[in-house]
Amino acid sequence: MSTFLVAGGAGFIGSHLVETLLASNHSVIALDSLITGSEDNISHLQNNPHFHFIQHDISKPLPAIDKVDGIFNLASPASPMDFENLSVEIMKAGSFGTYHLLELAKKYQAWFMMASTSEVYGDPEVHPQHEDYLGNVNCTGIRSVYDESKRFSESLTSTYHRKGYARTSIIRIFNTYGPRMRINDGRVIPSFTFCALHDQPLTIFGKGTQTRSFCFVDDLVRGIISMEKNRPSIPINLGNTIEKSVLEVAETIRTMTSSQSEIVFHGLPEGDPKRRCPDLTRAKEILQWEPKISFEEGMKKTVEYYKNFPLHTS
Ligand code: NAD
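Conventions we followed
Residues numbered from 1 in each chain as written. Predicted model: local features only at pLDDT ≥ 70, side-chain atom pairs only at ≥ 80, totals over all residues. Heavy atoms only, no water. Axes fitted to C-alpha atoms, helices over the stretch in contact; angles between N-to-C directions. Helix = DSSP H or I, 4+ residues; strand = E, 2+ residues; numbered from the N terminus. Parallel < 35°, antiparallel > 145°, perpendicular 65-115°, else oblique. Left-handed = near helix turned anticlockwise from the far one by under 90°. Contact = heavy atoms within 4.5 Å. Buried < 20%, exposed > 50% of the residue type's maximum accessible area, 1.4 Å probe, protein only. Polar contact = N/O pair within 3.5 Å; in protein donor to acceptor, adjacent residues only side chain to side chain. Pairing = 2+ DSSP bridges.

A. View of the packing of helix α1 (residues 12-23) against helix α6 (residues 217-230). Following both chains from N to C, one finds α1 and α6 inclined at 60 degrees, their axes separated by 10 Å at the closest point. Taken together, the axes of α1 and α6 are oblique relative to one another. Seen along the crossing, α1 lies across α6 with a hand that is right-handed. Together, Phe12, Ile13, His16, Leu17, Thr20 and Leu21 of α1 and Val217, Asp218, Leu220, Val221, Ile224 and Ile225 of α6 make up the contact between the two elements.

Spelled out as structure tokens, the structure:
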């Protein structure tokens, strides 16, 4: 039985990870500022004696924390809507926040995992994206606050590893979806699902021909658990390789929810990548991992979750 710190543990992915770690009989401390997460995501765990929640912003010096064996850093706003609203907070989480958590890992000789993103590849010129691809990132654009803060986090994590301060791993997460994503955070799946359930228009930016690949959260968490078991030091992509156009996604969700929603088209936001798809060769070789859950199966669980929210919650 190990003790893990999950920074961002009250968020969408973080709360699923916390649940899985507890189910494997580990002790978990979730550290979260609740800036984009919610206590609702972890309220069902509060009576578990092996679970402890601390509300704290990782960009500020950390409170006293007892020895931990491993740290998962998922603490960062992640939605494109946050890139403007929470731009400075994102950069502080990726820089000061990652530094504080790495120092904690160094103190306890704990393993550290950085949750990075496919955004480090920017608007890629290579498909699918292999981990060795260095990316095509605009370092001053609107999306740069997120892309560059994750690139900085990766750089700092790699430095701590090279200096022998801590054993570290990096995952690059591609679009992941499932229950507990914020309804109103602007990401495609929660927005389309919620709107479709309430017969509200589904807004597509651009023509909808841009493709995305979507990984269900249970698959992703299985990959993260395998990262902890294998602890590789090189970055690893985690995601799904099945590409779908945004228009196709809208139509699938409309059908699954028997929705009357119309599809409306708006201009494409700055820097929106036209295509993103992971090369999973490394994940298959090192983690013996690949996603198993089909889009339809994952969406069934996701639709069920969003049915619980009335229209005024958006
Ligand atoms: P989320 O917003 O639901 O979770 C992030 C959590 O971190 C939230 O609970 C938030 O309150 C917390 N947080 C943010 N800044 C913090 C800070 N300074 N101190 C403490 N807590 C803070 O988003 P998510 O989709 O669950 O993303 C989790 C991680 O995975 C993020 O680091 C994100 O960049 C990464 N990621 C997610 C996706 C995806 O498709 N969901 C894709 C790529 C990368």
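B. Spotlight on the side chain of Ser259. Tracing the sequence through the fold places Ser259 in the loop between α7 (246-256) and β13 (263-266). Using a relative accessible area of 14% as the deciding quantity, one classes Ser259 as buried. Side-chain polar atoms of Ser259 contact the side chain of Asp199, separated by 3.3 Å. For Ser259, the contacting residues outside a window of four places in its chain are Ala196, Asp199 and Arg254.

C. Quick peek at the pairing of strand β5 (residues 111-117). Most of β5 is tucked away, with seven of its seven residues classed as buried. Neither face of β5 is left uncovered, since the one carrying Trp111, Met113, Ala115 and Thr117 and the one carrying Phe112, Met114 and Ser116 both have all their residues buried. With six bridges joining them, β5 and strand β6 (residues 168-173) adopt parallel strand pairing. Within the sheet, the bridge partner assigned to Met113 lies in β6 and is Ser169.

D. Structural view of the sheet that holds β6. If you trace the seven strands from one edge of the open sheet to the other, you get β3-β2-β1-β4-β5-β6-β11, paired in parallel fashion. Each edge of the sheet is formed by a strand with only one pairing partner; in this case those strands are β3 (51-55) and β11 (236-238). Averaged over all adjacent pairs, the angle separating strand axes in this sheet is 20 degrees, with direction ignored. In terms of strand pairing, strand β1 (residues 3-7) meets strand β4 (residues 70-73) through four bridges, oriented parallel. Counterpart to Phe4 in the pairing with β4 is Gly70.

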